[in-house]
Amino acid sequence: MLVDTHALRSVCDKLGRPLTTLAGAAGFRSLLTRALTLAKQESPVLCALEVQADGSLGGLNAEVAQSGAVLIAHLIGLMITFIGESLTLRLLHDVWLDLPDSSKKLERNEAR
Amino acid sequence: MNEQNRVKINQLPTGVPGLDEILGGGLPEFSFNIIAGSPGCGKTTLAHQFMFANATELRPALYFTVLGEPAMKMLRYQQQFTFFDAEKLNKSVRFVNLSQELVERGLQGVLKEISQQVEAASPSIVVVDSFRTVLRSEMHDGKDMAVQTFVQQLALLLTSWEATSFLIGEYSESELRDNPVFTVADGLLWLFQQVDRNSVVRKMQVMKLRGQASVPGLHTFRITEAGLQAFSRTLGLLGQRKAFRSVKRLSTGIPALDEMMGGGVPEGDSLLIAGSSGTGKSLMATQFLAAGIRAGEPGIAAVFEERPNEYTARASEFGLDLQTPLANGTLEVIYLRPLDLSVDEMMQEILDAVKRTGAKRLVIDSLAGFEMALAPSFRVDFRESLYRMILALTGIGITILSTLEMSETFTELLFSSYSISFLTDDIIRMRYVEIEGQLSQIMMVVKMRRGAHSREIRQYKITTDGIVIGERFRNYVDLITGIPQPLASMRSEEFSPNRKI
């Protein structure tokens, strides 16, 4: 279970890096807060979670971390809303170099 | 210093069509530039175009955003332009937000962060947007010296690291004086957005550019899905004029008119067809184009009062096939009616069409429609702009036929309105006259700069085969007033015993 909280924190940190560069620390914090608000509606267990002033997650525990994917999905969803799927996938690919099939998925979507 | 010892300043393409010509060839490499103007005038888009045109993975572009438009939103909107290449994001083109540095550590914090990023990435291009907000944060309480020092240190840093840089700021013209930023800058490009009645006109001016001669004055530009496109006010005027060894005559498609003109329209001339509504000006223009196509001379029609398919359909009613040349590319019909057009844009359209088709003939139908399509502020300069356009197009060997609608008076004969007759080499005047209770039409060649022409006033008819020119009216006088008198009645009056002398 300890691994799960670490995983969520690590994913948030990794996503935070390009987003902080792009939008600034305050911009990243705003996006994460909005994503958390949306995620809480879907998964009430996330109500224990909060975004702290430095953009890190507070109130993280093993139970909350189980629903961490919902938060990340909403954060990526917000990125897609703002800058589109194409640029989002490229940014994600810069963070996770081995992200599977992102380019193929993109090509498929562009072809569609 | 002789030419061999002089340092060669490379010029970078701006990626903005038309702007390189205005700048005198491109933007000097390693120059420290300012793009200034009011909100929404295209400063950010211009910087993006330059970045995407020049940045490489080895020498990327760094785009610093500071308390202005967040990069996320910038990406959201800029990706709508066709020049935006998503492949370059985070590789050749990198965005860095400096808002926090400015808020927490002030100008020195910003300078330190820019230094670190520049030293790490070795960029060829650096943009700071908005630079104005960076300076405004400290331009108070007598901190002007701190601002000046910051600007100089930044300029020194970016130039030392061989970066061509842009500072983007919302400035008004009143701020030009005594501003350290403008003093330090090598280049100052000002973008304007002028509202005139209901139209908006965009213009740019190169206020300063060290090391090379730019084109002075205001140049119009447009923002489309492809980004900015600039139109130099000297567009087409800087190249060499085409010299004609011998004067070739081009057929108008109306044999009798060719005869009246001494063999046709001299190649490279500007011919004006003036007349009131319904006199057949557009038909004559269409016959001129069709004659060119038959002679293997591609043509362009710039029409303002009907759409291309309507134009070719009307031609076919007179047995003229313009649809085939339109389909095979030897004819282009340019239809522009945006109501905020500039003459320079029109000329660019025509020059592009000339390149595509190899056109020898151009029809502008009509000048009144053209003037209406211009933004109100450009209508003021219509005569001057038309002069430049005609000079530029005839200079590359195009023969121009323009139509001009004239209001008809029955006491005098006007040759053209706008006082533009001096712009044209040749003038043909068409008008109505009343003959024996019927409306007839007459035509005359009023002016031909490069040769003798007929002085006859000829009657003509519009038939299904086009314009058919008849004989000269021999038995009437005062034809050009529109209300001619039979010669016989004049003579009898002359010899009348009751005539007072």
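Above this text is the structure in question.
What this report covers is the structure whose coordinates are included nearby. (Residues numbered from 1 in each chain as written. Chains lettered and ligands numbered in written order. Predicted model: local features only at pLDDT ≥ 70, side-chain atom pairs only at ≥ 80, totals over all residues.)

### Regarding the overall build of chain B
No. 1: Regarding its fold elements, chain B presents 16 helices and 24 strands.
No. 2: For chain B, the proportion of its 501 residues judged to be buried stands at 45%.
No. 3: Contacts in chain B between residues at least 24 apart in sequence constitute 71% of all its contacts with a sequence separation of at least 6. (Helix = DSSP H or I, 4+ residues; strand = E, 2+ residues; numbered from the N terminus. Buried ≥ 20, exposed ≤ 12 C-beta atoms within 10 Å, placed from the backbone. Contact = placed C-beta atoms within 7 Å.)

### Thoughts on the overall build of chain A
No. 1: Scanning chain A from N- to C-terminus turns up 4 helices and 2 strands.
No. 2: The N-to-C order of helical and strand elements in chain A reads α-β-β-α-α-α.
No. 3: The 112 residues of chain A split such that 30% are buried.
No. 4: In chain A, 52% of the contacts between residues at least 6 apart in sequence involve partners at least 24 apart.

### Topic: the sheet that holds strand S6 (residues 125-129) of chain B
All names here are of chain B.
No. 1: Reading across the sheet, the 9 strands line up as S5-S4-S6-S7-S3-S8-S9-S10-S11 and stay open at both edges, with mixed pairing between neighbours. For this open sheet the edge positions go to strand S5 (93-97) and strand S11 (227-231), each flanked by a neighbour on one side alone. Averaged over all adjacent pairs, the angle separating strand axes in this sheet is 25°, with direction ignored.
No. 2: Pairing between strand S4 (residues 61-65) and S6: 5 bridges, direction parallel. Within S6, the residue paired with Tyr63 across the bridge is Val127.
No. 3: Running at roughly 165° to S6, helix H2 (residues 43-54) makes contact with strand S3 (32-37), S4, S5, S6, strand S7 (164-169), strand S8 (187-196), strand S10 (218-224) and S11 of the sheet. (Pairing = 2+ DSSP bridges. Axes fitted to C-alpha atoms, helices over the stretch in contact; angles between N-to-C directions.)

### Details of the environment of Ala65 of chain A
Residue and element names in this part refer to chain A.
No. 1: By the secondary structure assignment, Ala65 is in helix H2 (residues 62-66).
No. 2: A count of 23 C-beta atoms within 10 Å places Ala65 in the buried class.
No. 3: For the pair Ala65 and Ala7, spaced 58 residues apart in the sequence, the C-alpha separation amounts to 8.2 Å.
No. 4: When neighbours within four sequence positions are excluded, Ala65 is seen to be in contact with Asp4, Thr5, Leu8 and Leu60.

### Observations regarding the packing of helix H12 (residues 343-357) of chain B against helix H15 (residues 382-395) of chain B
All names here are of chain B.
No. 1: Packing of H12 against H15 brings their axes to within 10 Å, and their N-to-C directions diverge by 20°. Relative to H15, H12 is oriented roughly parallel. Here H12 runs over H15; the crossing is right-handed. Together, Val343, Met347 and Ile350 of H12 and Ser385, Leu386, Met389, Ala392 and Leu393 of H15 make up the contact between the two elements.
No. 2: Broken down by class, the residue content of the contact of H12 with H15 amounts to 7 nonpolar, 1 polar and no charged. (Parallel < 35°, antiparallel > 145°, perpendicular 65-115°, else oblique. Left-handed = near helix turned anticlockwise from the far one by under 90°. Nonpolar A, V, L, I, M, F, W, Y, C, P; charged D, E, K, R; others polar.)

The quantities given are spatial measurements derived from coordinates; they are silent on function.
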